[in-house]
Amino acid sequence: MNTFRHGWPATLLRRGPVITLALAAAAVAAGASRELLLSRGAVLDGDLWRLATGHFVHFGHAHAVGDILGFIGWAAIIEAISRRLLVTTVSLAALGVSVGVLALCPEVQVYGGLSAIDVALATTLLCVLASSRWVRELPGGRVFIGAIAAAHLFKAAYEVLVGHAILAPDLGAGVKLLPAAHLVGALCGVAAWWAVQRGGGVRRITLPPLGGGSTGGKPSTSRSMTGSA
Amino acid sequence: MPWKRVVLSVALATLAFVSLGAEARAAGTLKDTSTGAYAEIVEHHVKVVLADGFARTEVTQVFENPSALPMDAVYEFPVPPDAALSEMKIELEDRTLNGQVVPRETAESIYQSEKASGNQAGLATKDGHQNFRFSIANIPAASQATMTFVYYEPLAVDESVGRYLYPLQDGGTSSAPWTGNQSVSGTFSFELELKSTMPIESVTMPGENPTVTELGYGHYQVSLQESPSNLEQDLVLEYRFPSDLPKRMDVFTHRPASGGPGIFMLVLTPGLDLPAATGGTDWVFILDTSGSMESKMETLRNSVQSALQRLSEGDRFRIIAFSSQVQELTNGFLDATPANIAAASSQVQALVDGGSTNLYDALQTGLSGVDSDRITSTVLVTDAETNTGMVDPVAFDSLLKKSDVRVYGLLLSNNANWPLMEIVTEASGGFYSPVSNEDDIAGQVQRAFNKATHEALHDVQLAVTGSSVTDTTEFRANKIYQGQQLVVFGRYTQPENALIEVNAKVKGTPHSFAQQFGLPDVNADNAELEQLWALDMVHALEKKNMLGLLSDDNAKAQITELGVNHQLVTDHTAMIVVDEATLEKYGVEQSGQSSGGGLGESPGGGSSSGSGTSSGSGTSSGSSYDDSDYAGAIDPGQLALWALLLLSLGLMDARRRRKEGA
């Protein structure tokens, strides 16, 4: 089985998730620094960097572990597929979620955490999977991905409607969950996927199979994204 | 000769200036804003009730306008930290005016309009952390006006000592200096009733000779009367409980029979005998010698002297003085030997005041050169009226969080900038203690020192839970010190048994405590809790605003709403004092909100439920207010779902390949 010799797992192992680990390290370094949190008052006063940095700050150990582990998992896979896609997704989600939170949630004064970017990355990955020939050619592959996407969307929408997470980790005293940020993150993930395709002048990002083979086995990078019918 | 008149004028002006500068500043002064003349204070009466957990202070002053013209007057009063001004009444010859809290702009507009029309009106505003300012327009000529106001403040016991301060000394830090006639020509009286559910060993007023009468178990009356009197010195009352106070929790509630949300106040006495910290400590003394410390230099010298004497063998110390510039009195750290302490004490005694206050640079200097192998504690003695260099609270917060040094603040003067000191000490994991010139300085320093030299409860997590409990006090500091008592407010909407849970550590060893407490359906007592809770919320919003975590507009909107709804004078709300007809004229609705049963009545005594408990505490829980922090979070289910997805895809791919291979 040459699963780990070709395809995106091979790319992941060979090239190394440099950007992913750098961003994860930034989140670890940011810790719980309140100077970096997304703060409505501070942003209005000109601290625009908080629009980006707020996502890297966490309110406690439990909050940080889930968010950073999720980030490493999703971002590493996307980085292996395309660094350009990763950078676009993270950038768009960081700004989009921050602006979305400030615009759509007037009650929120302070926001932090990587989870909305995680959701954006997960959504981007779903889009890539759903649109790839490889998954389409798998027996039941599209149905399977569609079911996952539906569950993903249902969870985000349900949490927005009821106002709390289905499985809420303990974020510590005085910290509330904001499901709306995840919904905005999901939209940013779709937008990033769409933008990279459009920007590359291609219709679809090609995801090679786990072991290469049917689509040529060449690792995908931002340069190797090709259109597929 | 013209030159003689010039010389005479200069001499008189110089004399006036010198005498002005030498005059002790005091609170309680009423002056005519247009002429600068001073109204005579004929009577000044103070009635205080100290119930468990909070104090109600009612001040009545009778002023006389001796002139032949109506007078507009301003009266200033230092704001005790966390005090809530809730009621005000002005009695003139033929009418009585009552206060109503409205948005500040509205109150000022009505006041100016009435003043311009020649009508009598009053206005009470709060000037930041410094003063309550009472303005009275058109006091009739050659007549008397009686002004009465009430404020509430929470009380906490520290090291088995309770302390109440009636502030009269002005810190001299007001941006608009004012002086005046602080003497009372008639009678000054101070009556205090102390009602405690715990036994009291002694009641004292340093520097005064009051009449103390024990009325019953934990029930005392303290009286002081002078005629005439000068309102120059603070009145400090200390009441001491037995040193072996048991661990206990007192719960005070209020919920009107008419329904609606109830309020509770928990007073937690951890009663822990925390072990003394072992090993030598490095002490950095940072001393404010700016001009605003003029009247407090003696207190500063005594405080440092007292602290130096308490250093132990193995300790080291360093002394930094600052005003506009920072000056290091010791060249780095010195061993705490008798000779070094004596030399340093002499240098401290020689310090003189002058210049502005560059607190940030002083802290930056004090936090540098720290030996990472030793525990370093900083004692900051200041009025924290920082006005030079960096003044942004966010920068202070950031500076302190970068270093592993605890800052203990001794805060001098009544209108000192305690919100900034709170940010500085909280960011470093330290604490601050207010100190008055009239305090038992040595006792105050000893209490502060005891905290610094004993282990603290750390990693404190506190939660108050109940199905209808909301809006509890936010507790961001994660330490509780020796002898510290905590006050926690919250609201509830239905009778129930709520639960308080405290988890903390002492030197890494977990200590936990949980106790249920009852929240009754109806309790007409303790109506003032409503305002104390609202003030607690206002305080939290102000702190967030100072730290840049809440925009000015948002903070103003929320504080205004709380102030108007709960009749609190804040930075954004003010109390307009007019008659009912005038309120109607301006379309101001009367809230009817009144705590403590109205002016002239005592609060309904504290209904407490003391109970033995285990170890210490902290506070906080989710708040339904908008001051919560928000976050998204990746839950384990999401991660599991994705792991399953990728695994499934892999298996499907492998299966297909096998088929293709076959």
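Summarised in this report is the structure supplied together with it. Only a predicted model underlies this, so the values are computations on that prediction, with no experimental measurement involved. Every chain begins its residue count from 1, and numbering advances along the sequence as written. Here every chain gets a letter starting at A, and every ligand a number starting at 1, in the order they are written. Only residues with pLDDT of at least 70 get local features here, since the model is predicted, and only at 80 or more are side-chain atom pairs given and counted; chain-wide, interface and lining totals rely on the full set of residues. The side-chain figures draw on all heavy atoms in the structure; neither hydrogens nor water molecules are used.

Let us now look at helix H2 (residues 18-30) of chain A. Residue and element names in this part refer to chain A. Only DSSP runs of H or I covering at least 4 residues are called helices, and only runs of E covering at least 2 are called strands; the numbering of each starts at the N terminus. A helix is expected to span 1.5 Å for every residue after the first. In a regular helix each residue adds 1.5 Å, so 13 residues correspond to 18 Å; H2 covers 18 Å between its end C-alpha atoms and thus fits that length. Classification of residues uses two cut-offs on accessible area relative to the type maximum, computed with a 1.4 Å probe and protein chains only: under 20% is buried, over 50% is exposed, and between them is partly exposed. Looking only at H2, the buried set comprises Thr20, Ala24, Ala27 and Ala30. Looking straight down H2, one finds its buried side chains confined to an arc of 120 degrees; they lie on one side. Seen from the buried face of H2, the exposed residues on the opposite side, beyond 90 degrees, are Val18, Val28 and Ala29. Only heavy atoms enter the contact rule, under which two residues are in contact if any of them lie within 4.5 Å. Residues of H2 that are buried sit in contact with helix H5 (61-81) and helix H6 (83-104). By arc we mean the arc of the directions from the helix axis to the C-beta atoms, nothing more.

Before going further, it helps to spend a moment on H5(A). If you check H5(A), its first and last C-alpha atoms are 30 Å apart, about what 21 residues at 1.5 Å a residue would give, namely 30 Å. Here H5(A) lies mainly inside the structure; 15 of its 21 residues are buried.

Moving on to the nonpolar core. Throughout this description, the term nonpolar core refers to a set of buried Ala, Val, Leu, Ile, Met, Phe, Trp, Tyr and Cys residues connected via side-chain atoms within 4.5 Å. In terms of nonpolar packing, the biggest core is built from 64 residues, with A:Tyr111 and A:Leu121 touching the most fellow members. In terms of residue count, the dominant contributor to this core is helix H7 (residues 115-131) of chain A (11 residues). Counting residues in each nonpolar core, the second largest holds 50 residues, with B:Ala83, B:Leu92, B:Ala124 and B:Val577 among its members.

The next thing to look at is the sheet that holds strand E10 (residues 161-166) of chain B. All names here are of chain B. Read across the open sheet, the three strands follow the order E10-E16-E12; overall the sheet is antiparallel. Of all strands in the sheet, those with a lone pairing partner are E10 and strand E12 (202-204), marking the two edges. Taking the axes of each pair of neighbouring strands and ignoring which way they run, one obtains an average angle of 10 degrees across the sheet. Being paired, for any two strands, means DSSP has found at least two bridges between them. Pairing analysis gives six bridges linking E10 to strand E16 (residues 235-240), with the strands arranged antiparallel. Its bridge partner being in E16, leucine 165 is matched across the sheet by valine 236. Orientation is described by lines fitted to C-alpha atoms, with helices fitted over the stretch in contact, and by angles between N-to-C directions that extend from 0 to 180 degrees.

Now for the packing of aromatic side chains. Residues and elements named next belong to chain B. In this scheme Phe, Tyr and Trp rings, the latter by its six-membered ring, pair at centre separations within 6.5 Å, and the angle between planes marks the pair as stacked below 30 degrees, edge-to-face above 60, and tilted otherwise. In this structure the tally under the stated criterion is seven aromatic pairs over all chains. Each ring, one from phenylalanine 149 and one from tyrosine 151, has its centre 6.5 Å from the other, and the planes form 20 degrees; the classification is stacked. Here phenylalanine 149 matches tyrosine 151 in class, with each residue buried. Following the ring pairs from residue to residue traces out a cluster consisting of Phe132, Phe134, Phe149 and Tyr151. The residue whose ring lies beneath arginine 318 is phenylalanine 333, and the NZ or CZ to ring-centre distance is 5.7 Å. A ring is considered to have a charge above it if a Lys NZ or an Arg CZ atom is located within 6 Å of its centre and within 35 degrees of its normal.

So, about the pairing of strand E28 (residues 496-506) of chain B. Residue and element names in this part refer to chain B. Burial along E28 is one-sided: the face carrying Glu496, Ala498, Ile500, Val502, Ala504 and Val506 is buried and the face carrying Asn497, Leu499, Glu501, Asn503 and Lys505 is not. Pairing of strand E26 (residues 458-465) with E28, which is carried by six bridges, proceeds in the antiparallel orientation. Bridged to valine 464 within E28 is isoleucine 500. The pairing of E28 with strand E29 (residues 509-519) spans 11 bridges and is antiparallel. Of the residues in E29, the one forming a bridge with alanine 498 is phenylalanine 517. Between E28 and E29, which follow one another and run antiparallel, lie two residues, and lysine 507 among them has a positive phi close to 50 degrees.

We now examine the packing of H5(A) against H7(A). Residues and elements named next belong to chain A. It is at 9 Å that the axes of H5 and H7 come closest, and there the two elements cross at 35 degrees. The two elements H5 and H7 cross, and the hand of that crossing is left-handed. Every residue of H7 that contacts H5 at Gly66, Asp67, Gly70, Phe71, Trp74, Ala75, Ile77, Ile78 and Ile81 is listed here: Ser115, Ile117, Asp118, Leu121, Ala122, Thr124, Leu125 and Val128. Helix crossings fall into two classes, left-handed where the near helix is turned counterclockwise from the far one by less than a right angle and right-handed where it is turned clockwise.

Residue and element names in this part refer to chain B. Two strands pair when backbone bridges link them, and strand E13 (residues 211-216) and strand E14 (residues 219-226) are joined in this way by five bridges, in the antiparallel orientation. Note that in E14 the partner of threonine 213 across the bridge is glutamine 221. In textbook terms, the turn of a hairpin is the stretch between consecutive antiparallel strands, and for E13 and E14 this stretch comprises two residues, one of which, glycine 218, has a positive phi near 65 degrees.

All names here are of chain A. There is a patch of nonpolar side chains on the surface, built from Phe154, Tyr158, Leu161 and Val162 and spanning about 440 Å² of accessible area. For tyrosine 158, the position within the fold is in helix H9 (residues 141-162). When its relative accessible area of 35% is taken as the criterion, tyrosine 158 is described as partly exposed. For patches, a residue must show more than 30% relative accessible area and have no salt bridge; joins then use 9 Å for like charges and 5 Å for nonpolar side chains, namely Val, Leu, Ile, Met, Phe, Trp and Tyr. Residue-level accessible areas treat just the shown protein chains as cover; the underlying method is Shrake-Rupley with a 1.4 Å probe. What makes a salt bridge here is a side-chain nitrogen of Lys or Arg within 4 Å of a carboxyl oxygen of Asp or Glu, nothing more.

Note that every value here comes from positions in space, so none of it alone points to a role or purpose.
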